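Single-letter residue listing:
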There are 4 protein chains.
Amino acid sequence: MVKVGVLGATGYAGIETVRLLTKHPEVEITRLVSHSFEGQKISDIYPNFDGVLDMECCALDIDDIAANCELVFTALPHGVSKDVIPELYAKGLKVIDLSGDFRYNDVDVYEEWYGEKHPAPELLEKSVYGLCEIHRDEIKKTTLVANPGCYTTTSIMALYPLLKAGVIKTDNIIIDAKSGVTGAGRTTKLDYSFSECTENTLAYKVATHRHTSEIEQELSIAAGEKVMVSFTPHLVPMKRGIYATCYANLKESINAEEIEKIYNDFYKGEYFVRLVPHGKIPESNWTAGSNFISIGFEIDTRLNRIVVCSTLDNLIKGAAGQAVQNMNIIMGYDEKTGLDMPGMYL
Amino acid sequence: MVKVGVLGATGYAGIETVRLLTKHPEVEITRLVSHSFEGQKISDIYPNFDGVLDMECCALDIDDIAANCELVFTALPHGVSKDVIPELYAKGLKVIDLSGDFRYNDVDVYEEWYGEKHPAPELLEKSVYGLCEIHRDEIKKTTLVANPGCYTTTSIMALYPLLKAGVIKTDNIIIDAKSGVTGAGRTTKLDYSFSECTENTLAYKVATHRHTSEIEQELSIAAGEKVMVSFTPHLVPMKRGIYATCYANLKESINAEEIEKIYNDFYKGEYFVRLVPHGKIPESNWTAGSNFISIGFEIDTRLNRIVVCSTLDNLIKGAAGQAVQNMNIIMGYDEKTGLDMPGMYL
Amino acid sequence: MVKVGVLGATGYAGIETVRLLTKHPEVEITRLVSHSFEGQKISDIYPNFDGVLDMECCALDIDDIAANCELVFTALPHGVSKDVIPELYAKGLKVIDLSGDFRYNDVDVYEEWYGEKHPAPELLEKSVYGLCEIHRDEIKKTTLVANPGCYTTTSIMALYPLLKAGVIKTDNIIIDAKSGVTGAGRTTKLDYSFSECTENTLAYKVATHRHTSEIEQELSIAAGEKVMVSFTPHLVPMKRGIYATCYANLKESINAEEIEKIYNDFYKGEYFVRLVPHGKIPESNWTAGSNFISIGFEIDTRLNRIVVCSTLDNLIKGAAGQAVQNMNIIMGYDEKTGLDMPGMYL
Amino acid sequence: MVKVGVLGATGYAGIETVRLLTKHPEVEITRLVSHSFEGQKISDIYPNFDGVLDMECCALDIDDIAANCELVFTALPHGVSKDVIPELYAKGLKVIDLSGDFRYNDVDVYEEWYGEKHPAPELLEKSVYGLCEIHRDEIKKTTLVANPGCYTTTSIMALYPLLKAGVIKTDNIIIDAKSGVTGAGRTTKLDYSFSECTENTLAYKVATHRHTSEIEQELSIAAGEKVMVSFTPHLVPMKRGIYATCYANLKESINAEEIEKIYNDFYKGEYFVRLVPHGKIPESNWTAGSNFISIGFEIDTRLNRIVVCSTLDNLIKGAAGQAVQNMNIIMGYDEKTGLDMPGMYL
């Protein structure tokens, strides 16, 4: 059993973490921190918890957290996160951070894409990029996990094996990603109102989205050379789910069986990775409500190009679920614990 | 541990039962019966099960079922169900039937509303109406549970305590219910296509819906006198969830605290019943993805009328979840087993 | 031709008025007033107007309006409206007001339901309730139309003929209404965000919604006696459309043909009223995108009760379309002008 | 005035054509042909037409059509279309065909992508590809217009100017397109049911969709050389609207102003083309409900790549609206006639 706190518990990533933790057999939730809802019961804010978890939210108090938690999930706003994480880390807590701050190996990349000084560059050497299937060994040894987000997890996991195997060229990789609206978090912006979002599809931050840099960092590791990609996020009118369609040119002609073998070898034994057999293409509702990712592909022989489609639940494998998976890894629990439900489909 | 078969496993109620059973610690699924998909893996039909449950569907074979299952959930089409249930029952299996066939105490009521002869009227005396919170004691003793549907569970649970307490008049009860589209099942009718359903709300079967008769049967028991109600089902453009707005005239002036007490007393200790405190009204996404029902009310003092709003997930508490709850009851398991997840909300 | 201004042009009712006016052959739009977007082109705020109407929004200046407009539509926030309307009226402009302020015959009713003093009670005698099919003769003679909203138009038009004909009792009228989310206007409240609204149905302001009082005012006129009703608004996850299911007890047994005759006689020659033949029930997408209202009914002979279902587009017949219809009436144009498009359906 | 028939009037493209024609001042609809609904009123099938157009549907009778129509829109199923068009053409009628059969310059391309013999290859020389803004001069002279569909119109119009100007390379063009569900037509397939489509995003026919060949035909004309593209269609959970995100490598470094000039020059004077200024990216609801197409772009200077986003209403500019625009061209009417409404946005 581990005593766990969730900081920023009432945002969408935070509350999804709480939801998963309530059914985790090894977890005792000891603190729910919410600046906005201090003193209120979590089940008053999210009535789906009524009778399941009626704990009160408290204000952020580092000493209190340190005294009562062994591990914390931090799903804090950008501005708050940067001060809090170093303190929690210094106190010796295990930290799984859902923000973007500690995901970079190179402080310059962070500063270029975020347009500001990094708050604690010395921690970048300590933190591990928490993409479980790829960095499991390092995650096991760290106490600061930089949990990746939905766009990055979907994109990196789709392309990593192909780059690692050296079968695709690195100069024309295009990732066209479609996200459900919860990806924007618990926000009151007009852009995310029902009347503006429903029956609407749009691209945004074309060629400028910050997560491009995370994707490039990881894909460069896979390729063993610097990789740059086009990444285009889109908003589509659904609540959950993310879908990435990835395009890359094949170095040489290769058939579907060989591609399947590359994926099967790379993700061998990975419970949460579903490799869709050639001939099928995954749909976002195959993974919604679960910690699974589905990956399928087609080869365009006319163009000697591969199209890889990957999809996951943005709030689970793309946020809270992967965070819990990281907790399982660093605590030495079976990695599936609390996460082995199938998707909802309906 | 109990060996369980699901007959009609690939319909929406069937597959939701399967989904809940895969995580039930006391259940071993031994047979999935599907006429349409015999020989195919359940995870090929519903890819959200890939890696979680890859069992093959088989044809209906009563002897095989009897040899391999102690308890079956039957979610069969109307025409098939009526022949199969008596055979299963005769073989001594525990049966939880999701059809409407065995929900009636009075065969005449069935025949009036269904417009046909009942297939096995002798079983009506054996079967128990599986509304767990109301008929638990009888359910414990039966081996044939007639599991109620979504409209009826939502409606009956909202009004039963008030009729039992004798505080509302029986002659002007109106139930206006709104259902998500999965309530129509796995169907290819044009009426349920995305392009026809989205951005659309409609009433249907006004004054003639069969479930009216079930609601009346149960509410009459509560009132101790014959109760007739207006019941109007509507389709609203969402996947899951049902919402009933119920209107009744109060016999005498009564305040909110007294109404709260009636509900609290009636549903005392009921884990799956959430009584929303006066001043709040429930929303369907408070229960979606869970086996909970939320009930709230307002008193219209101008009219001496009460308005009760109740909501649940049509596929869980309104179908598969309640079926599993019934299994827990008849098997003597803790009633919450496999069902104690909070709702999804998002 | 008439010179027209739209005040509050960038709210949802305002912009829908603008949309309808751009294709109205008798209208010259001379002013678009928007506090929030002064100096910006309407087509920059609503890009669907790009190339069709690129007029700039201006600040509110009564003298400027008076000098450049003969008729104004006011779709202003509650607080602003009350000061502006009297000034516009005093300047001799024709005013079609989409707020609730001037819809009451009795100032006490307004003050009871709004909980504040009426800003200009003397104008209540001048203003006419702009339900075109019911108050056409008075609308013709006024210069201040209080344009009714979506809930009220749907409800009143469904029940008015039955009360006028004296066939229903007045003591058990229940109106259960379901609205699309644009009914909440252009708002940034979390409650109306996509992630909170989609896949969600809820009742709100049960027994307390202000529009109850408007409905009762008009139905009392129809009945020739004081009528009180239960009115329950609901939010359903669609953009446009409103659906009212109305219940009333019949005084005496009456058959469907007689009910049809009552409706046909009452709405004889009314272009925008579609009386759905007995046996069918309307759906909200039959009217979405149009100024039509569809009304259908069923008689519950078991209970001697009638259920009337009516539906319209909340932004058109329930707001901007009816406002334009009112303009057509007071300007002496053919009432259909600019409004005779069929619905979108898809 | 022109006497017009719509063949296949009750499919989604057909009924949208009818909807637009009912408000077209130069059109008299003389025949609505529907195999499925012969003898029924169009307003009984699509109740949004009640009181606006109550014409009866008739069976297909070429002689009757020829006697009563000068121009026909054909929105027939693939199998029927191929026999009917040649007969209508031979009778001297003006034909605007919404099928794919006559869109090809090269019969071999058709036969390769459709996998069957072309029914009337001799007509391919007569037919004109009805992309109005690109082939207007040829459309004026033909009596057989092969009206393009939604994917192709969106894709071709986005990229044509850049290829014509010679600023992009032709070997890495990728078109990632997202379509609303009405694009699948009036279908009862389970895949398009509400419960399967809502909250779901998916790619389909990856690398194999027929419309790839149409896009390549037109883009090759633009480039003056053979162009091959990756085209990936997706289904997103909305009713109307299509969104194409197009990627191409720039030959040389070029700035946004130069790109804007290329588009402005190419589409100069085109009423239905909205060029979104650099810095903005269009959204699908900017064009929904209208015949407009919106095109925006961003340059990824890191990669010397351009990303073009284009969007239109799949049923209007992507089907029925463009068909009416083609009619306006061949009849010599002002091209905007009956089509100059702004989008709905809401």
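Data block above holds the structure.
Each value, and the rule that gives it
- Residues numbered from 1 in each chain as written.
- Chains lettered and ligands numbered in written order.
- Predicted model: local features only at pLDDT ≥ 70, side-chain atom pairs only at ≥ 80, totals over all residues.
- Heavy atoms only, no water.
- Helix = DSSP H or I, 4+ residues; strand = E, 2+ residues; numbered from the N terminus.
- Rg over C-alpha atoms; globule rule 2.2 N^0.38 Å.
- Buried < 20%, exposed > 50% of the residue type's maximum accessible area, 1.4 Å probe, protein only.
- Contact = heavy atoms within 4.5 Å.
- Areas by Shrake-Rupley, 256 points an atom, 1.4 Å probe, with all protein chains shown as cover.
- Lys, Arg positive; Asp, Glu negative; His and termini not counted.
- Charge placed at Lys NZ, Arg CZ, Asp CG, Glu CD.
- Pairing = 2+ DSSP bridges.
- Buried area = accessible area lost by both parts, 1.4 Å probe.
- Salt bridge = Lys/Arg side-chain N within 4 Å of Asp/Glu carboxyl O.
- Nonpolar A, V, L, I, M, F, W, Y, C, P; charged D, E, K, R; others polar.
- Least-squares fit on C-alpha atoms with pLDDT ≥ 70 in both.
- Polar contact = N/O pair within 3.5 Å; in protein donor to acceptor, adjacent residues only side chain to side chain.
- Phe/Tyr/Trp six-rings, centres within 6.5 Å; stacked < 30°, edge-to-face > 60°.
- Lys NZ or Arg CZ within 6 Å of the ring centre and 35° of its normal.
- Axes fitted to C-alpha atoms, helices over the stretch in contact; angles between N-to-C directions.
- Parallel < 35°, antiparallel > 145°, perpendicular 65-115°, else oblique.
- Left-handed = near helix turned anticlockwise from the far one by under 90°.

Participant: What exactly am I supposed to notice about the overall build of chain A here?
Facilitator: Each helix and strand counted, chain A has 11 helices and 14 strands in total. Whereas a compact globule of 346 residues would reach a radius of gyration of roughly 20 Å, chain A reaches 20 Å, a difference of no more than 12%. Counting every position in chain A, which comprises 346 residues, the buried fraction comes to 66%. Put simply, of all contacts in chain A between residues at least 6 apart along the chain, 70% involve residues at least 24 apart. Entry remark: accessible area of chain A is about 11100 Å², with carbon and sulfur atoms responsible for 46%. Computed over 33 positive and 48 negative side-chain charges, the inter-centroid distance for chain A is 2 Å.

Participant: Mind showing me how you'd approach the sheet that holds strand 5 (residues 94-97) of chain B here?
Facilitator: Within a beta sheet, neighbouring strands are joined by backbone hydrogen bonds and run either parallel or antiparallel to one another. Residues and elements named next belong to chain B. Spatially, the 7 strands line up as an open sheet ordered 3-2-1-4-5-7-6, and their pairing is parallel. Across the chains shown, the open sheet's two edge strands, defined by having one partner strand only, are strand 3 (57-58) and strand 6 (128-129). One ladder, built from 6 bridges, connects strand 1 (residues 2-7) with strand 2 (residues 27-33); its direction is parallel. What sits directly across from Lys 3, in strand 2, is Glu 28.

Participant: What's the story with the interface of chain D and chain A in this structure? I'm lost.
Facilitator: Where interface size is given, it is often the accessible area lost as the parts come together that is meant. In this complex, chain D contributes 48 residues to the contact, which on the side of chain A involves 48 residues. For the pair chain D and chain A, the two sides together bury roughly 4000 Å², of which 52% comes from carbon and sulfur. Looking at the side of chain D facing chain A, the largest losses of area belong to D:Glu199, D:Thr201 and D:Arg302, adding up to 16% of the total buried there. Measuring nitrogen to oxygen at the nearest pair gives 2.4 Å for the salt bridge that ties D:Glu216 to A:Arg302. Per-element tally for the side of chain D that touches chain A: the top contributor is strand 8 (residues 173-179) of chain D, with 5 residues. For the side of chain D that touches chain A, the residue count by class is 23 nonpolar, 12 polar and 13 charged.

Participant: Can you help me understand the relation of the copies chain D and chain A in this one?
Facilitator: Between the two chain copies there is a screw-like relation: a rotation about an axis and a shift along it. Of the transformation placing chain D onto chain A, the axial shift is 0.0 Å and the rotation is 180°, giving an RMSD of 0.0 Å. Taken together, the rotation angle and the small translation identify this as a two-fold axis. Comparing interface residues between copies, 100% of those in chain D also lie at the interface in chain A; the contact surface is shared.

Participant: For this particular structure, what's the right way to read the relation of the copies chain A and chain C?
Facilitator: Expressed as a screw transformation, the operator carrying chain A onto chain C has a rotation angle of 180° and an axial translation of 0.0 Å, and the superposed copies differ by an RMSD of 0.0 Å. Same-surface contact between copies: 100% of interface residues of chain A are shared with the interface of chain C.

Participant: What's the story with the interface of chain A and chain C in this structure? I'm lost.
Facilitator: Counting residues at the interface gives 18 residues for chain A, matched by 18 residues for chain C. Across the interface of chain A and chain C, roughly 1600 Å² is buried in total on both sides, 62% from carbon and sulfur atoms. The three residues of chain A that bury the most area against chain C are A:Leu190, A:Phe194 and A:Ser195, which together make up 41% of that side's buried surface. Where chain A touches chain C, the interface holds 0 salt bridges. At the junction of chain A and chain C, the tally comes to 6 residue pairs in polar contact (both at pLDDT 80 or more). Ranked by residues supplied to the side of chain A that touches chain C, first place goes to helix 8 (residues 194-197) of chain A with 4 residues. Of the residues that constitute the side of chain A that touches chain C, the class distribution is 8 nonpolar, 6 polar and 4 charged.

Participant: Before we go on, may I ask you to explain the pairing of strand 10 (residues 230-235) of chain B in this structure?
Facilitator: All names here are of chain B. Summarising burial for strand 10: 6 of the 6 residues are buried, a large majority. Where burial is concerned, the two faces of strand 10 agree: the one with Ser 230, Thr 232 and His 234 and the one with Phe 231, Pro 233 and Leu 235 are both buried. Two elements, strand 8 (residues 174-179) and strand 10, share 6 bridges in a ladder whose sense is parallel. The partner of Ile 175 across the bridge, within strand 10, is Phe 231.

Participant: Hey, could you run me through the environment of A:Tyr89 in this one?
Facilitator: All names here are of chain A. Looking at where Tyr 89 falls in the secondary structure, it is placed in helix 4 (residues 78-90). According to the relative accessible area criterion, Tyr 89 is partly exposed, its value standing at 22%. Taking the C-alpha atoms as reference, Tyr 89 lies 10.0 Å from Val 72; in sequence the two are 17 residues apart. Ignoring sequence-local partners within four residues, the contact set of Tyr 89 consists of Val 95, Leu 123, Lys 126, Thr 143 and Leu 144.

Participant: Just checking my understanding: could you explain the environment of D:Glu225 for this structure?
Facilitator: Residues and elements named next belong to chain D. Take Glu 225: it is sitting in the loop between helix 9 (211-223) and strand 10 (229-235). Taking C-alpha positions, Glu 225 is 16 Å from Leu 250, a pair spaced 25 residues apart along the chain. Once you skip the residues sitting within four places of it in the chain, Glu 225 turns out to touch Thr 170 and Ser 220. Among the polar contacts listed, one links the side chain of Glu 225 to the side chain of Thr 170, at a separation of 3.2 Å.

Participant: I tried to follow the side chain of B:Glu199 on my own but got confused; where do I start?
Facilitator: Within the element layout of this structure, B:Glu199 appears in the loop between helix 8 (194-197) and strand 9 (202-203). Although B:Glu199 is buried, it makes no salt bridge; D:Lys239 carries the closest opposite charge, 5.7 Å away. One polar contact links the side chain of B:Glu199 to the main-chain amide nitrogen of C:Arg240, over a distance of 3.3 Å. Sequence-distant contacts of B:Glu199, that is, excluding residues within four places in its chain, are made with A:Thr198, A:Glu199, B:Pro237, C:Met238, C:Lys239, C:Arg240, C:Ser284, C:Asn285 and D:Lys239.

Participant: Would you explain the packing of aromatic side chains in this entry?
Facilitator: Two aromatic rings, taken as a pair, are described by how far apart their centres are and by the angle between their planes. For the structure on display, the rule yields 46 aromatic pairs over all chains. Between C:Tyr271 and C:Phe292, the ring centres sit 5.2 Å apart and the planes meet at 50°, which makes this aromatic pair tilted. Linking C:Tyr271 in the loop between helix 10 (256-266) and strand 12 (273-275) with C:Phe292 in the loop between strand 12 and strand 13 (293-300), this pair joins segments that are 21 residues apart in sequence. On the accessibility criterion, C:Tyr271 (25% relative accessible area) is partly exposed. Grouped by ring-pair contacts, the aromatic residues A:Tyr104, A:Tyr110 and A:Tyr114 constitute a single cluster. Against the face of B:Tyr271 rests B:Lys336, its NZ or CZ located 5.2 Å from the ring centre. Over the face of the ring belonging to C:Phe292 we find C:Arg274, whose NZ or CZ atom lies 3.8 Å from the ring centre.

Participant: Can you walk me through the sheet that holds strand 12 (residues 273-275) of chain B in this structure?
Facilitator: All names here are of chain B. Here we have 7 strands laid out as an open sheet, ordered 9-10-8-11-14-13-12, and mixed in their pairing. Each end of this open sheet is capped by a strand with a single partner; those strands are strand 9 and strand 12. Relative to strand 14 (residues 305-312), strand 13 (residues 293-300) runs antiparallel, the two sharing 8 bridges. Across the sheet, the residue bridging to Ser 294 is Thr 311, located in strand 14. Sheet contacts for helix 7 (residues 150-165): strand 8, strand 10, strand 11 (242-249), strand 12, strand 13 and strand 14; angle to strand 14, the most-contacted strand, approximately 140°.

Participant: Explain the packing of helix 7 (residues 150-164) of chain D against helix 9 of chain D to me, please; I cannot follow it from the model alone.
Facilitator: Angle between the axes and distance between the axes: these two values describe a pair of packed helices. Residue and element names in this part refer to chain D. Remark: helix 7 packs on helix 9, axes separated minimally by 9 Å, with the N-to-C direction vectors making an angle of 20°. If you check the angle between helix 7 and helix 9, you find them roughly parallel. Helix 9 is crossed by helix 7, and the crossing has right-handed handedness. Counting all contacts with helix 7, which are made through Tyr 151, Thr 152, Ser 155, Ile 156, Leu 159, Tyr 160, Leu 163 and Lys 164, the residues of helix 9 involved are His 211, Glu 214, Ile 215, Glu 218, Leu 219, Ile 221, Ala 222 and Ala 223. Residue classes in the contact of helix 7 with helix 9 are distributed as 10 nonpolar, 3 polar and 3 charged.

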